[in-house]
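So the chains spell out like this:
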Amino acid sequence: QGNPNAPWSVRQLYYACDERRPRVFDQGLAGFLMGTDNPGLGYVSVVFIPDAAGADLARHALDRQRALQLLSPNYSANAYPFDLRYQNCNQWVMELLASAWGAPDAAPAEATRAHAQAWLQQQGYQPSLMKVGNPALMALGSFIPFVHHDDHPREDVSRWRYRVSMPASVEAFIRATVPGATRMEFCQNGKQVVVHQGWEPLADGCQAGAQDAVLALD
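Residues numbered from 1 in each chain as written. Predicted model: local features only at pLDDT ≥ 70, side-chain atom pairs only at ≥ 80, totals over all residues. Heavy atoms only, no water.

Colleague: How should unusual backbone geometry be read in this particular structure?
Modeller: The bulk of non-glycine residues show a negative phi, and the bulk of peptide bonds are trans. The backbone phi angle of Asp51 is positive, close to 55 degrees, even though this residue is not glycine. Its location among the elements puts Asp51 in helix H2 (residues 51-61). Judged by its relative accessible area of 68%, Asp51 is exposed. Non-glycine residue Cys206 carries a positive phi angle of around 60 degrees. As for its placement among the helices and strands, Cys206 is situated in the loop between strand E7 (192-197) and strand E8 (213-216). (Helix = DSSP H or I, 4+ residues; strand = E, 2+ residues; numbered from the N terminus. Buried < 20%, exposed > 50% of the residue type's maximum accessible area, 1.4 Å probe, protein only.)

Here it is as structure tokens:
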């Protein structure tokens, strides 16, 4: 909220495939929500951050200079969170959180990725563990321009796994770090919208639980 791009807008990192470079992009909320791979089934979760933590994050997120200062020129979908060689969209969010909460009064030029990653390590941030399970799939990654191995610890690569910033690890970090933070998740399957409150994810297939609200789509 408050982005000059629109009354309600999303600031995000996306990878411009044709240009082979990452960009920070502001998009209206409606377009962001409609940009799903499957229009017939969609999920979105929202984390609400209260008080000073929310105000600091909003201020930093709307600061374009700071947002670009934390943007790596090299994108990798499976970027390792504690290495400066690459970055994915969720890692950019994590480093923005670190800038807002670890050094809220630092000048944009001082809000570096190195400082952000160091703060995340100090706070015990745990990225998502992705088990590939097949060395052939690891080898195929060498032919994909936005997948890399050289930033990951050798032990992880040898055990066919990656540790990567994903939405679940972002949410888990906020839950553990910010007292009073809450989460809501919404899904739609073309017939209904399910509204779920809490940190546990909605069931597959957009099935409502006992405490969920359901809105019929006519």
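Colleague: Which parts of the structure should I look at to understand the environment of Arg175?
Modeller: Turning to its location among the elements, Arg175 is positioned in helix H8 (residues 167-177). What makes Arg175 partly exposed here is its relative accessible area of 48%. As for Arg175 and Gly209, which are separated by 34 residues in sequence, their C-alpha atoms are 22 Å apart. Each residue touching Arg175, except ones within four places of it in the same chain, is listed here: Trp199 and Glu200. (Contact = heavy atoms within 4.5 Å.)

Colleague: Just to check I follow, could you spell out the packing of aromatic side chains for this structure?
Modeller: Any pair of aromatic rings gets described here by the distance separating the centres and the angle formed by the planes. Taken as a whole and judged by the stated rule, the model has seven aromatic pairs. Judged by centre distance (6.2 Å) and plane angle (75 degrees), the rings of Phe82 and Tyr125 are edge-to-face. Taken together, the residues span a long stretch of sequence, with Phe82 in the loop between helix H3 (64-69) and helix H4 (89-102) and Tyr125 in the loop between helix H5 (113-122) and strand E4 (128-131) at a distance of 43 residues. Note on accessibility: Phe82 and Tyr125 belong to one class, buried. (Phe/Tyr/Trp six-rings, centres within 6.5 Å; stacked < 30°, edge-to-face > 60°.)

Colleague: What's the story with the nonpolar core in this structure? I'm lost.
Modeller: Nonpolar side chains tend to gather and get buried jointly when the protein is soluble and globular. If you look at the biggest cluster of nonpolar residues, it comprises 28 residues, and the most contacted ones within it are Trp92, Met94, Leu97, Trp101, Leu120, Phe173 and Ile174. Those residues within four positions of Ile174 in sequence are excluded, and the remaining contacts are Val47, Ile49, Leu97, Trp101 and Ala181. (Core = buried A, V, L, I, M, F, W, Y, C linked by side-chain atoms within 4.5 Å.)

Colleague: I tried to follow the pattern of salt bridges on my own but got confused; where do I start?
Modeller: Side-chain pairing between opposite charges can occur once the charged atoms of the two side chains come close. Across all of its chains, the model carries twelve salt bridges by this definition. Here Glu171 makes a salt bridge to Arg183, at a shortest N to O gap of 2.8 Å. In this pair, Glu171 sits in helix H8 while Arg183 sits in strand E6 (residues 182-188), placing the two residues twelve residues apart along the sequence. Of the two residues, Glu171 and Arg183, both sit in the buried class. In this structure, Glu185 engages Arg183 in a salt bridge whose closest nitrogen and oxygen atoms are separated by 2.9 Å. Here Glu185 and Arg183 have matching classes, each one buried. Several salt bridges share partner residues, and in doing so they unite Asp83, Arg85 and Asp150 into one network. (Salt bridge = Lys/Arg side-chain N within 4 Å of Asp/Glu carboxyl O.)

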